[in-house]
Amino acid sequence: MMGWRGAMLDISRHFFDAAFIKKTLSALAIFDYNTLHLHLSDDQGWRLESKVHPLLHELGAHRRQSQINHGLLRPRFDGIEHSGHLTHEDVHEIIAHAKTLGMQVVPEINIPGHTGALLAAYPQYGINQKHVEVSGQWGISDHLLRPFPEVFEFLQTTFEEVASLFPSEYIHVGGDESLIENWLLDPQVLDFMIQKDLSSTKDVFIFFMREIEKIISNLGKKMITWDDAFAFDPNRATRAIVMSWRGDAIAQIALDHGREVIQGPVFPTYFDYSYEVSPSEPLAIGGAITLGDILSFSPLPGVMGVQFQLWSEYIQSPLHAEYMMWPRAAALAYRCWGGEVGFDAYFAARLPLLHKLGITIRDEDPLQRLNIAHLGIGEFHEGFPISLMTEVLEKSAITGEVARDF
Ligand code: ACM
């Protein structure tokens, strides 16, 4: 079996509590998953108690409202506060439960972009030290940490706390979709670039991630980043494990550069895409990713593992999250490490265990499906077709750009 058999749960965009996380761990274990990656921070929420920097959860875990329509549309909001974070006690419980299942839980704190919730709490660490609100809107934001010593000191103590809570040997530091040209908007960053002889924003990015790499390795942990942090400049990037989400080509380049690679390509491992492009499905970012797509996925030879992603902009409730995960999570497991019996037999053999946990599975019965679908938020929108999305992302990975129009 491959070493990293992963599932990523985004609890930043919508918060999912410890009870749901433990239930999900139990369900994943039935299919021999061994890793749960928790996306704990983003522009829309900071979801981990911090005793060293308490404003992170006191301010960063609350937003005033949430967008209820598709991110490609002019936003409409629900006007309802959305809050939640895991306490240290929650984390201990989650880790203890994962341990009984032989699973690890890997934390992700996303930097230097996707930092709106952090900066809502501590604006002094962001470009131009602007006032920031925890965002209720989906999409890529302009927020960026400054590359300054006081920021690294803050991150040092933050990662120390994270490392002490999560025993896994890995820490994920994000590194995706950072609009690095925004550093040029901050005169103090410009001064810093001159002083440090950093001639481009790519140089600043490399400098930033290398500082983070020192912090993570001094904590005795292995660093993981999204492929963006590698693709910006493969020859100067850190030695971090590359989690590739923008297709096979960038994953292969990372392998060729001697990096360890975890594959989680949008197609077909982003389970926030709908099962079919149809108004009878809940609002989703795009589609479709079918069971058949997953059952014909082939991981590249030599990768460390594979992981599915459940981003939660459009997923508000545990029921909806389970609907998006099952049976697709089973199909990915079957395809990548499951065996030879045929998917139907493999799934049928394990289905009673999912039922015992009370897991919601997308049913083939159209009436039931419709009922479940209506628990999704907002209105149906077809989003970007998956083939177009895949093409644009693959190109952006090769050129080391951020695909910002989605
Ligand atoms: C990602 O989807 N930005 C990793």
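Residues numbered from 1 in each chain as written. Predicted model: local features only at pLDDT ≥ 70, side-chain atom pairs only at ≥ 80, totals over all residues. Heavy atoms only, no water.

Draft legend 1. Fine view of the overall build of the chain. Per the secondary structure count, the chain includes 16 helices and 14 strands. Whereas a compact globule of 406 residues would reach a radius of gyration of roughly 22 Å, the chain reaches 20 Å, a difference of no more than 12%. The dimensions of the chain, computed from C-alpha atoms along their principal axes, are 65 × 50 × 40 Å. Burial status across the chain gives 60% buried among its 406 residues. Of the contacts made within the chain by residues no fewer than 6 positions apart, 73% connect residues no fewer than 24 positions apart. Here the chain has roughly 15500 Å² of accessible surface; of this, 53% comes from carbon and sulfur atoms. The positive charge centre, built from 31 side chains, and the negative charge centre, built from 52, are 2 Å apart in the chain. (Helix = DSSP H or I, 4+ residues; strand = E, 2+ residues; numbered from the N terminus. Rg over C-alpha atoms; globule rule 2.2 N^0.38 Å. Buried < 20%, exposed > 50% of the residue type's maximum accessible area, 1.4 Å probe, protein only. Contact = heavy atoms within 4.5 Å. Areas by Shrake-Rupley, 256 points an atom, 1.4 Å probe, with all protein chains shown as cover. Lys, Arg positive; Asp, Glu negative; His and termini not counted. Charge placed at Lys NZ, Arg CZ, Asp CG, Glu CD.)

Draft legend 2. Summary view of the packing of aromatic side chains. The full count for this structure, using the stated rule, is 26 aromatic pairs. With centroids separated by 5.6 Å and ring planes inclined at 85°, the aromatic side chains of Tyr33 and Phe308 adopt a geometry described as edge-to-face. Of this pair, Tyr33 sits in the loop between α1 (18-30) and β2 (35-39) while Phe308 sits in strand β13 (residues 305-310), placing them 275 residues apart in sequence. Pair check on accessibility: Tyr33 and Phe308 agree, each one buried. Above the face of the Tyr275 ring, Arg328 is positioned so that its terminal group lies 3.8 Å from the ring centre. (Phe/Tyr/Trp six-rings, centres within 6.5 Å; stacked < 30°, edge-to-face > 60°. Lys NZ or Arg CZ within 6 Å of the ring centre and 35° of its normal.)

Draft legend 3. Representation of the environment of Met325 within the structure. Mapped onto the elements, Met325 comes out in helix α12 (residues 318-325). Residue Met325 is classed as buried on the basis of its relative accessible area, which comes to 2%. Note: C-alpha distance between Met325 and Leu28 (297 residues apart in sequence) is 9.9 Å. Look past the residues within four positions of Met325 in its chain and what remains in contact with it is Phe20, Thr24, Phe271, Tyr275, Phe308 and Leu310.

Draft legend 4. Spotlight on the nonpolar core. Counting residues in hydrophobic clusters, the biggest one holds 123 residues, and the most contacted among them are Tyr33, Leu86, Ile212 and Trp326. Beyond its immediate chain neighbours, meaning those up to four positions away, Ile212 contacts Ile111, Phe152, Leu155, Phe159, Val173 and Met223. Core analysis: the next-biggest nonpolar cluster, separate from the first, contains 12 residues, Val242, Ile250, Ala251 and Ala397 among them. (Core = buried A, V, L, I, M, F, W, Y, C linked by side-chain atoms within 4.5 Å.)

Draft legend 5. Spotlight on helix α15 (residues 366-373). Considered for burial, the residues of α15 that qualify are Arg369, Ile372 and Ala373. Axial view of α15: buried residues confined to an arc of 100°, hence all on one face. Exposed and facing more than 90 degrees away from the buried side of α15 are Leu367 and Asn371. On its buried face, α15 is in contact with α12. (Arc of directions from axis to C-beta.)

Draft legend 6. Structural context of unusual backbone geometry. Here Ile111 and Pro112 are connected by a cis peptide whose omega angle stands at -10°. Inspection of the secondary structure assignment puts Pro112 in the loop between β7 (104-111) and α4 (116-121). In this structure, the amide linkage connecting Trp326 to the following residue, Pro327, adopts the cis form with an omega of 15°. You can see Pro327 is positioned in the loop between α12 and α13 (328-338). At Glu177, a position not held by glycine, the phi torsion is positive, near 50°.

Draft legend 7. Summary view of the pattern of salt bridges. Tallied over the entire structure, the rule returns 18 salt bridges. With a shortest N-O distance of 4.0 Å, Arg246 and Asp228 are connected by a salt bridge. With Arg246 in the loop between β10 (241-244) and α9 (248-256) and Asp228 in helix α8 (residues 227-231), the pair connects residues that are 18 residues apart, well separated along the chain. Of the residues examined, Asp228 reaches a relative accessible area of 3% and is grouped as buried. The residue Asp233 makes a salt bridge to Arg236 at a minimum N-O spacing of 2.7 Å. Given the relative accessible area of 16%, Asp233 is considered buried. (Salt bridge = Lys/Arg side-chain N within 4 Å of Asp/Glu carboxyl O.)

Draft legend 8. Up close: the side chain of Thr35. Note on placement: Thr35 falls in strand β2. Residue classification places Thr35 among the buried positions, given a relative accessible area of 0%. In this view, Thr35 contacts Trp4, Arg5, Gly6, Ala7, Met103, Gln104 and Val106; residues no more than four positions away in its chain are not counted.

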